[in-house]
Amino acid sequence: MISERFKELRKHNLTGFVPYLVANYPNKDIFDEALAALSNMGADLIEIGIPFTDPIAEGKTIESAHHASLKNGFNLTNFLNQIKNFKNRFDTHIVAMGYANSFLNPSIEEVSQKSREAGFDGFLIVDMPYEETDTFKLIKGRDLEFIQLVAPTSTQENIERGLSNNPSLIYYITQRGVTGANNLDLTEVQNNLKDLQKITNVPIITGFGIKSSEHIKAFKDYTDGIVIGSALIECLANSNPIKSMKDFLAPILEELKNE
Amino acid sequence: MNKGYYGKFGGIFIPETLSFALRELDTLYQDIKNDTTFNNELQDIYIHYVGRPSPLYFAEKYTENIGGPKIWFKREDLNHTGAHKINNTVGQALLAKKLGKKRIIAETGAGQHGVATATICAKLGLECVIYMGETDIQRQELNVFKINTLGAKVVPVSSGTATLKDALNESIRDWVTNVENTHYIIGSVTGPHPYPEIVRDFNSISGKELKDQSIERFEKLPDMVIACVGGGSNAMGVFAPFVDDLNVELVGIEAGGVSDSDIGSASINDGSIGVLHGAKTMILQNNSGEILETSSISAGLDYPGVGPEHAYLADIDRAKYKKVFDSQALDAFYKVSRLEGIIPALETAHAIAYLEELSDINKDKNVVVNMSGRGDKDLYSVMSL
């Protein structure tokens with residue numbers, strides 16, 4: 001279970017590593033290789049973006065990756081077989097992260113069922129509001145966990161409404177803006193994470209615009225996991241993508257492990 | 001039922017960052033919508049700035065030509081800025097002022113909503129940024145120039161299909177980033193709650209006037225009201241006051257594109273249920289839930305979704321939704337220009353084209369077409385056909 005993994009990390013005062021990839025970006029082979037490499041590097045959870053035509057919360061980098069993957073013929077059914085193969089070799093936790101419309105076709109029950117069978121551990125649906133409680137129940141009914149987004153603009157009332165759905169993990173969005181944005185206010189994030197921990201014991205991962213060991217250093221004592229998304233996707237666009245990704249991640253992983 | 005739903009359609013499908021802004025807007029709107037001071041202020045702008053009420057015009061030659069029911073046009077094309085869009089933008093700009101937000105963003109397809117937004121922002125002294133797809137910028141050059149002239153900024157959007165839906169995506173991204181000082185004036189009855197309700201209410205001034213004008217002119221309610229539907233704001237505005245008058249037939253006209261083999265933009269006729277831009281509604285998508293690239297001769301109808309309340313009215317059979325193709329719309333564009341001396345917007349021409357189907361209806365019946373906009377903005381693109 002994702003929740004247990006992160007509770008364990010918290011117990012040992014560790015900060016989890018949560019990389020984000022876009023399914024089959026830049027292509028199927030490199031994606032598979034990146035997924036395996038990240039598992040071998042000790043990822044605690046990997047978020048896999050399900051490509052969508054209109055990913056409204058994404059900045060340019062990830063939006064382009066979504067479109068590129070769709071252009072290459074991304075298909076969820078085929079992709080789930082790929083995931084099955086990955087899960088035969090690795091026990092790394094993985095969640096499908098995406099937009100409501102990708103999860104509702106043909107129905108949330110069917111997509112949940114098939115995703116679970118393929119080996120997904122959970123969902124993070126960016127535009128699924130706390131109010132859609134039935135949807136969260138259906139997801140959990142298929143033995144999947146889900147991650148709840150909390151933003152700097154979230155009111156306490158709304159956070160509590162979200163918590164009543166019993167998420168396994170909270171994903172704290174560091175800034176007002178899209179993924180990969182450059183408006184990080186380190187102190188504000190630290191304070192908000194502190195406040196959030198007063199409201200709930202649910203483990204918290206933190207993401208949006210985190211791309212340096214300096215960021216990791218600033219946040220790691222306040223969160224149970226760090227999400228690296230856009231910066232990773234940029235590495236994968238390079239000519240030697242896996243090496244570029246590993247080089248980029250080396251200092252970040254070191255900082256994460258640094259007590 | 002969850003908040004903001006119309007039957008199984010609607011909802012608030014947005015990233016959490018925007019949640020507080022939508023709640024704030026909803027709370028303010030519910031407080032203010034029956035507030036006398038606010039409504040007086042709005043009425044004053046409607047009368048002296050927009051030029052309301054818009055006339056109900058009897059289209060005598062068109063009636064003769066069709067040889068069926070009496071045909072009337074509700075002249076929203078005579079509003080300041082040339083379309084129904086201003087009804088919504090003035091209302092929302094006043095809301096933005098009450099919210100204390102000094103920066104306005106909006107998406108635009110045909111450019112009418114962009115112009116209507118830039119116009120009221122100029123009047124009220126609000127900063128204004130308009131997102132517009134590059135494809136639309138090319139086919140609506142005149143409106144881009146108008147927006148700039150009004151002191152607003154046009155930001156070209158090149159991602160995806162570079163049309164209205166991508167302009168909407170970019171607007172949402174801007175709003176997520178600047179949500180604390182920015183109000184997003186959505187231009188149609190689409191998007192997350194409370195937008196479909198707000199945009200409907202501000203546009204319903206046309207339907208309310210039509211009700212009174214019908215009694216005045218022909219001593220009863222219309223037998224049929226016809227309006228074009230892209231997102232569906234002009235249609236929802238003119239339909240809303242009649243929804244409970246079950247004898248009034250409501251007909252929405254969607255854009256079918258070139259032909260039936262084309263994807264077109266007819267979300268209710270050809271689409272299926274899904275989530276796009278914050279609402280669960282009828283959308284044009286493939287089996288994997290990816291949004292399709294739509295097409296229409298009219299930029300304002302070229303959108304793969306539709307307001308959730310329209311999806312609901314279709315679902316419960318209260319309104320029917322028909323499809324008109326590009327060539328039929330173009331025929332109507334010329335026909336109404338020549339018979340009545342009114343050059344309609346290509347969007348509106350879709351609704352007018354449907355009149356050809358009505359020759360069998362009794363001569364005593366009264367059919368009203370919502371003349372949602374005028375055609376000046378489309379002259380360049382029609383010229384180049």
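Criteria and thresholds
Residues numbered from 1 in each chain as written. Chains lettered and ligands numbered in written order. Predicted model: local features only at pLDDT ≥ 70, side-chain atom pairs only at ≥ 80, totals over all residues. Heavy atoms only, no water. pLDDT = per-residue confidence, 0-100. Contact = heavy atoms within 4.5 Å. Buried area = accessible area lost by both parts, 1.4 Å probe. Salt bridge = Lys/Arg side-chain N within 4 Å of Asp/Glu carboxyl O. Polar contact = N/O pair within 3.5 Å; in protein donor to acceptor, adjacent residues only side chain to side chain. Helix = DSSP H or I, 4+ residues; strand = E, 2+ residues; numbered from the N terminus. Nonpolar A, V, L, I, M, F, W, Y, C, P; charged D, E, K, R; others polar. Buried < 20%, exposed > 50% of the residue type's maximum accessible area, 1.4 Å probe, protein only. Pairing = 2+ DSSP bridges. Right-handed = clockwise from strand over helix to strand, strands pointing away. Expected span 1.5 Å × (residues − 1). Axes fitted to C-alpha atoms, helices over the stretch in contact; angles between N-to-C directions. Parallel < 35°, antiparallel > 145°, perpendicular 65-115°, else oblique. Lys, Arg positive; Asp, Glu negative; His and termini not counted. Phe/Tyr/Trp six-rings, centres within 6.5 Å; stacked < 30°, edge-to-face > 60°. Lys NZ or Arg CZ within 6 Å of the ring centre and 35° of its normal.

Description of the confidence of the model for chain B
And then number 1: A residue-level look at chain B finds 99% of positions with pLDDT of 70 or above and a mean pLDDT of 96.
And then number 2: Two summary scores accompany this predicted model of the complex, namely pTM at 0.96 and ipTM at 0.94.

Quick word on the interface of chain B and chain A
And then number 1: Listed as interface residues are 35 residues of chain B and, on the opposing side, 38 residues of chain A.
And then number 2: If you sort the residues of chain B by the area they bury against chain A, Phe13(B), Glu16(B) and Arg173(B) come out on top, with a joint share of 22%.
And then number 3: Run the count over chain B and chain A and you get five salt bridges.
And then number 4: For Lys165(B), the salt bridge goes to Asp54(A), with nearest N and O atoms at 2.8 Å.
And then number 5: Counting across the chain B and chain A interface gives 22 residue pairs in polar contact (both at pLDDT 80 or more).
And then number 6: Where the side of chain B that touches chain A is concerned, the elements lending two or more residues are helix 1 (19–32), helix 8 (164–178), strand 11 (272–276) and strand 12 (279–283) of chain B.
And then number 7: The element best represented in the side of chain B that touches chain A is helix 8 of chain B, accounting for eight residues.
And then number 8: The class makeup of the residues in the side of chain B that touches chain A is 13 nonpolar, 13 polar and nine charged.

Some details on the pairing of strand 5 (residues 103–108) of chain B
Residues and elements named next belong to chain B.
And then number 1: Burial analysis of strand 5 places six of its six residues in the buried class, the great majority of the element.
And then number 2: The alternating pattern of strand 5 places Arg103, Ile105 and Glu107 and Ile104, Ala106 and Thr108 on opposite faces, both of which are buried.
And then number 3: In terms of strand pairing, strand 5 meets strand 6 (residues 127–133) through six bridges, oriented parallel. Looking across to strand 6, one finds that Ile105 is bridged to Val129.
And then number 4: A crossover links strand 5 with its parallel partner strand 6, the connecting element being helix 5 (residues 112–124), and its sense is right-handed.
And then number 5: Sheet topology places strand 5 next to strand 8 (residues 182–184); three bridges connect them, and they run parallel. Within strand 8, the position partnered with Ile105 by the bridge is Tyr184.

Thoughts on helix 10 (residues 205–218) of chain B
Each full turn of the α-helix corresponds to 3.6 residues, which orients residues three or four apart in the same direction.
Residues and elements named next belong to chain B.
And then number 1: Its 14 residues give helix 10 an end-to-end C-alpha distance of 20 Å, which sits within 8% of 20 Å, the value for a rise of 1.5 Å per residue.
And then number 2: Looking only at helix 10, the buried set comprises Ile205, Ser206, Gly207, Glu209, Leu210, Gln213, Ser214 and Phe218.
And then number 3: Positive backbone phi, approximately 60 degrees, marks Glu219, located one or two places after helix 10.

Concerning the sheet that holds strand 9 (residues 224–228) of chain B
Residues and elements named next belong to chain B.
And then number 1: One open sheet accounts for six strands, arranged 3-4-14-9-10-13; its pairing is mixed. Each edge of the open sheet is held by one strand with a lone partner, namely strand 3 (56–58) and strand 13 (319–324). On average, adjacent strands in this sheet sit at an angle of 25 degrees to one another, irrespective of strand direction.
And then number 2: The sheet contact formed by strand 9 and strand 14 (residues 366–370) spans three bridges and is parallel. Each bridged residue has a counterpart across the sheet, and for Met224 the counterpart in strand 14 is Val367.
And then number 3: Those strands touched by helix 14 (residues 326–340) are strand 3, strand 4 (70–74) and strand 13, and its axis lies near 95 degrees from that of strand 13.

Some details on the packing of helix 14 of chain B against helix 15 (residues 346–353) of chain B
Residue and element names in this part refer to chain B.
And then number 1: The N-to-C vectors of helix 14 and helix 15 enclose an angle of 95 degrees; their axes lie 8 Å apart at closest approach. As the angle between them shows, helix 14 and helix 15 are arranged roughly perpendicular. On helix 15, the residues that touch Asp326, Gln328, Ala329, Leu330, Ala332, Phe333 and Val336 of helix 14 are Leu346, Ala349, His350, Ile352 and Ala353.
And then number 2: Across the contact of helix 14 with helix 15, the residue classes break down as nine nonpolar, two polar and one charged.

Observations concerning the sheet that holds strand 8 of chain B
Residue and element names in this part refer to chain B.
And then number 1: Reading across from one edge, 7-6-5-8 is the order of the four strands in this open sheet, with parallel pairing throughout. Only two strands of the sheet have a single partner each, and these edge strands are strand 7 (153–157) and strand 8. Put simply, the sheet's adjacent strands are angled 25 degrees from each other on average, direction ignored.
And then number 2: The strands touched by helix 7 (residues 141–149) are strand 6 and strand 7; relative to strand 7, the strand with the most contacts, the crossing angle is about 140 degrees.
And then number 3: Those strands touched by helix 8 are strand 5, strand 6, strand 7 and strand 8, and its axis lies near 160 degrees from that of strand 5.

Looking at the pattern of salt bridges
When the charged atoms of two side chains with opposite charge come close together, those side chains can pair.
And then number 1: Counted by the stated rule, this structure contains 41 salt bridges over all chains.
And then number 2: Across the pair Asp44(A) and Arg5(A) runs a salt bridge whose closest N-O atoms are separated by 2.8 Å. One end of the pair, Asp44(A), is in the loop between helix 2 (28–40) and strand 2 (45–49); the other, Arg5(A), is in helix 1 (residues 2–11), and 39 residues separate them in sequence.
And then number 3: A relative accessible area of 36% places Arg5(A) in the partly exposed class.
And then number 4: Note that Asp201(B) and Arg200(B) form a salt bridge whose closest N and O atoms lie 3.0 Å from each other.
And then number 5: Through salt bridges with shared partners, a single network forms among Lys60(A), Glu63(A), Glu170(B) and Arg173(B).

Quick word on helix 2 (residues 36–50) of chain B
All names here are of chain B.
And then number 1: With 15 residues, helix 2 extends 20 Å from end C-alpha to end C-alpha; this agrees with the ideal 21 Å at 1.5 Å per step.
And then number 2: Check the buried side of helix 2 and you find it contacts helix 1, helix 4 (85–99), helix 5, helix 9 (195–203) and helix 10.
And then number 3: Capping of helix 2 at its N-terminal end is provided by Asp35; its side-chain oxygen lies 3.2 Å from the backbone amide nitrogen of Thr37.
And then number 4: Positive phi shows up at Gly51, right after helix 2, with a value of about 95 degrees.

Focus on the side chain of Glu47(A)
All names here are of chain A.
And then number 1: Looking at the element boundaries, Glu47 is found in strand 2.
And then number 2: Buried within the structure, Glu47 lacks any salt-bridge partner; its nearest side chain of opposite charge belongs to Arg5, at an N-O separation of 14 Å.
And then number 3: Excluding residues within four positions of it along the chain, Glu47 makes contact with Val18, Pro19, Tyr20, Leu21, Val95, Met97, Leu124, Tyr171, Ile205 and Val227.

Here's the deal with the packing of aromatic side chains
And then number 1: Tallied over the entire structure, the rule returns 17 aromatic pairs over all chains.
And then number 2: Their ring planes at 85 degrees and their centres at 6.1 Å tell us that Tyr171(A) and Phe208(A) sit as a pair that is edge-to-face. You can see Tyr171(A) sitting in strand 6 (residues 169–173) and its partner Phe208(A) sitting in the loop between strand 7 (204–207) and helix 10 (213–219), a full 37 residues away along the chain.
And then number 3: On the numbers, 6.4 Å between centres and 45 degrees between planes, the contact of Phe38(B) with Phe202(B) is tilted. Taken together, the residues span a long stretch of sequence, with Phe38(B) in helix 2 and Phe202(B) in helix 9 at a distance of 164 residues.
And then number 4: Cluster of aromatic residues (ring-pair linked, three or more members): Phe31(A), Phe74(A) and Phe79(A).
And then number 5: The aromatic ring of Tyr49(B) is capped on one face by Lys123(B), whose charged end is 5.2 Å from the ring centroid.
And then number 6: Residue placement shows Lys335(B) over the ring face of Tyr62(B); its charged tip is 5.2 Å from the ring centre.

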